[in-house]
Amino acid sequence: MRASLIQLAVDEGESVESRRARVASLVREQAGAAELVVLPELWTTGAFAYEAFAAEAEPLEGPTYEAMAKAASDAGVWLHAGSIPERDPDGPLYNTSLVFSPSGELAAAYRKIHRFGFDKGEAVLMGAGEELVTVRLPDTTLGLGTCYDLRFPELFRGLVDAGAETFVLPAGWPERRRAHWTLLARARAVENQAFVLACGTAGTHAGVPQAGHSIVVDPWGEVLAEAGHGEEILRVDFDPAKVATTREQFPALKDRVLGKRTP
């Protein structure tokens, strides 16, 4: 299976409309080059641009939804369109990920469960999601997480119980904690014997330098591909069948004692 992780630079000075059009064009360029395309977290605003969340929030089926649905259809790819600040008409804002099928249909929406910021920023401006979300593709089942979720292994255990074999994680991870990004991506892969496709951002969000270094890790924890610091498209081939093989060869998941649940 071929994947393209589009590591975007989300810098000040580019309008949301311009960036949306640019990203749609980048997605279309993946036609024939990838089956799965992944975008970063909150790329319309920047993950640390807290003051812009309310102003730039949009309904689930808003302009970003429409542009990304069309881009997925035009390219004929599965598209994890990163996340947007979603405005629920009956509730708070959410950090919501969107996944589209190659026909442009919405396959899943995931509201980020773990909000970053402690007592400020996302943690107080946005509501928390409550549901684990998986998406069945022809060759693998995706388990969805977003950025700060990476620090909470119980979420990924729950996704494994729900059938996930490939974790897809968009992020706006800061440069000052880049070592954690790589370490945790590999840990989630090893402990769950799953692929991890983690797509970050480049540039600077509201004065916070971003880590970049989008990464793809296999079920043994080996790094299959890793981006640099700037904007780029990370392309990788991976074999989803390796998950089942790994779990058969080294059946550690069968020895779980604590927290195991039946979906």
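Note that the structure is a prediction, hence the values are computed from the model and not measured.

Notes on the overall build of the protein
1) Next: Within the protein, the secondary structure is distributed over seven helices and 14 strands.
2) Next: For the protein, buried positions account for 56% of its 263 residues.
3) Next: Residue pairs at least 24 apart in sequence account for 67% of intrachain contacts in the protein once pairs closer than 6 positions are excluded.
4) Next: Put simply, the protein shows about 10900 Å² of open surface, and 51% of that area lies on carbon and sulfur atoms.
5) Next: For the protein, the distance from the average position of its 26 positive side-chain charges to the average position of its 37 negative side-chain charges is 5 Å.

What about helix H3 (residues 63–75)?
1) Next: Across its 13 residues, H3 extends 18 Å between first and last C-alpha, which sits within 8% of the 18 Å expected from 1.5 Å per residue.
2) Next: What H3 keeps buried is the set Thr64, Tyr65, Ala67, Met68, Ala69, Ala71, Ala72 and Ala75.
3) Next: Contacts from the buried residues of H3 go to helix H1 (16–28), strand E3 (78–87), strand E4 (93–100) and strand E5 (106–111).
4) Next: Downstream of H3 by a residue or two, Gly76 has a phi angle that is positive, lying close to 70°.

Some thoughts on the UniProt feature "domain: CN hydrolase" (unreviewed entry) in the protein
1) Next: In the numbering used here, UniProt assigns the "domain: CN hydrolase" (unreviewed entry) feature to residues 1–240.
2) Next: This span, residues 1–240, is 24% helix and 28% strand, and a straight line between its end C-alpha atoms measures 7 Å.

Brief notes about helix H5 (residues 153–161)
In an α-helix, one full turn covers 3.6 residues, which means residues spaced three or four apart are oriented alike.
1) Next: Regarding H5, the residues found buried are Leu155, Phe156, Gly158, Leu159, Val160 and Asp161.
2) Next: Packing partners of the buried residues in H5 comprise E5, strand E6 (134–136), strand E7 (141–144), strand E8 (166–170), helix H6 (178–192) and helix H7 (241–249).

Examining the nonpolar core
1) Next: The biggest cluster of nonpolar side chains holds 47 residues, and the ones touching the most others in it are Leu5, Leu36, Val135, Leu144, Phe167, Trp181 and Leu197.
2) Next: By size, the runner-up hydrophobic cluster in this structure holds 24 residues, among which are Trp43, Tyr65, Leu79 and Ile84.

Here we look at the side chain of Glu86
1) Next: Position of Glu86 relative to the elements: it lies in strand E3.
2) Next: According to the relative accessible area criterion, Glu86 is buried, its value standing at 5%.
3) Next: Side chain to side chain, Glu86 and Thr96 meet in a polar contact 2.6 Å long.
4) Next: There is a polar contact of 2.9 Å between the side chain of Glu86 and the side chain of Arg111.
5) Next: With near-sequence residues (within four places) excluded, Glu86 lies in contact with Glu58, Pro59, Leu60, Pro92, Leu93, Tyr94, Thr96 and Arg111.

So, unusual backbone geometry
1) Next: Of note in this structure, Cys147 is not a glycine but carries a positive phi near 45°.
2) Next: Structurally, the position occupied by Cys147 is in the loop between E7 and H5.

Quick word on the packing of aromatic side chains
1) Next: Within this structure, the stated rule accounts for eleven aromatic pairs.
2) Next: Arranged with centres 5.7 Å apart and planes meeting at 75°, the rings of Tyr50 and Phe53 form a pair that is edge-to-face.
3) Next: What makes Tyr50 partly exposed here is its relative accessible area of 22%.
4) Next: Through pairs of rings, three or more aromatic residues link up here, namely Phe48, Tyr50, Phe53, Phe116, Phe118, Tyr148 and Phe152.
5) Next: Seen from the ring of Tyr94, Arg111 lies directly overhead, with NZ or CZ sitting 3.8 Å from the centre.

Digging into the state of the cysteines
1) Next: Following the criterion strictly, the structure yields zero disulfides and no others.
2) Next: In this structure Cys147 is not part of a disulfide, and its nearest cysteine sulfur, from Cys199, lies 11 Å away.
3) Next: Classification of Cys147 by relative accessible area gives buried; the value is 8%.

Overview of the packing of H1 against H3
1) Next: H3 packs onto H1 with a crossing angle of 20° between their chain directions and a minimal axis gap of 8 Å. Taken together, the axes of H1 and H3 lie roughly parallel to each other. Considering only the axes of H1 and H3, their crossing is right-handed. Side by side, H1 and H3 meet where Arg20, Val23, Ala24, Val27 and Arg28 of the first sit next to Pro63, Thr64, Ala67, Met68, Lys70, Ala71, Ala72, Asp74 and Ala75 of the second.
2) Next: Here the residues of the contact of H1 with H3 are counted per class, giving nine nonpolar, one polar and four charged.

About the thresholds
- Residues numbered from 1 in each chain as written.
- Predicted model: local features only at pLDDT ≥ 70, side-chain atom pairs only at ≥ 80, totals over all residues.
- Heavy atoms only, no water.
- Helix = DSSP H or I, 4+ residues; strand = E, 2+ residues; numbered from the N terminus.
- Buried < 20%, exposed > 50% of the residue type's maximum accessible area, 1.4 Å probe, protein only.
- Contact = heavy atoms within 4.5 Å.
- Areas by Shrake-Rupley, 256 points an atom, 1.4 Å probe, with all protein chains shown as cover.
- Lys, Arg positive; Asp, Glu negative; His and termini not counted.
- Charge placed at Lys NZ, Arg CZ, Asp CG, Glu CD.
- Expected span 1.5 Å × (residues − 1).
- UniProt positions renumbered as here; feature names shortened; annotations may be inferred.
- Core = buried A, V, L, I, M, F, W, Y, C linked by side-chain atoms within 4.5 Å.
- Polar contact = N/O pair within 3.5 Å; in protein donor to acceptor, adjacent residues only side chain to side chain.
- Phe/Tyr/Trp six-rings, centres within 6.5 Å; stacked < 30°, edge-to-face > 60°.
- Lys NZ or Arg CZ within 6 Å of the ring centre and 35° of its normal.
- Disulfide = S-S within 2.5 Å.
- Axes fitted to C-alpha atoms, helices over the stretch in contact; angles between N-to-C directions.
- Parallel < 35°, antiparallel > 145°, perpendicular 65-115°, else oblique.
- Left-handed = near helix turned anticlockwise from the far one by under 90°.
- Nonpolar A, V, L, I, M, F, W, Y, C, P; charged D, E, K, R; others polar.

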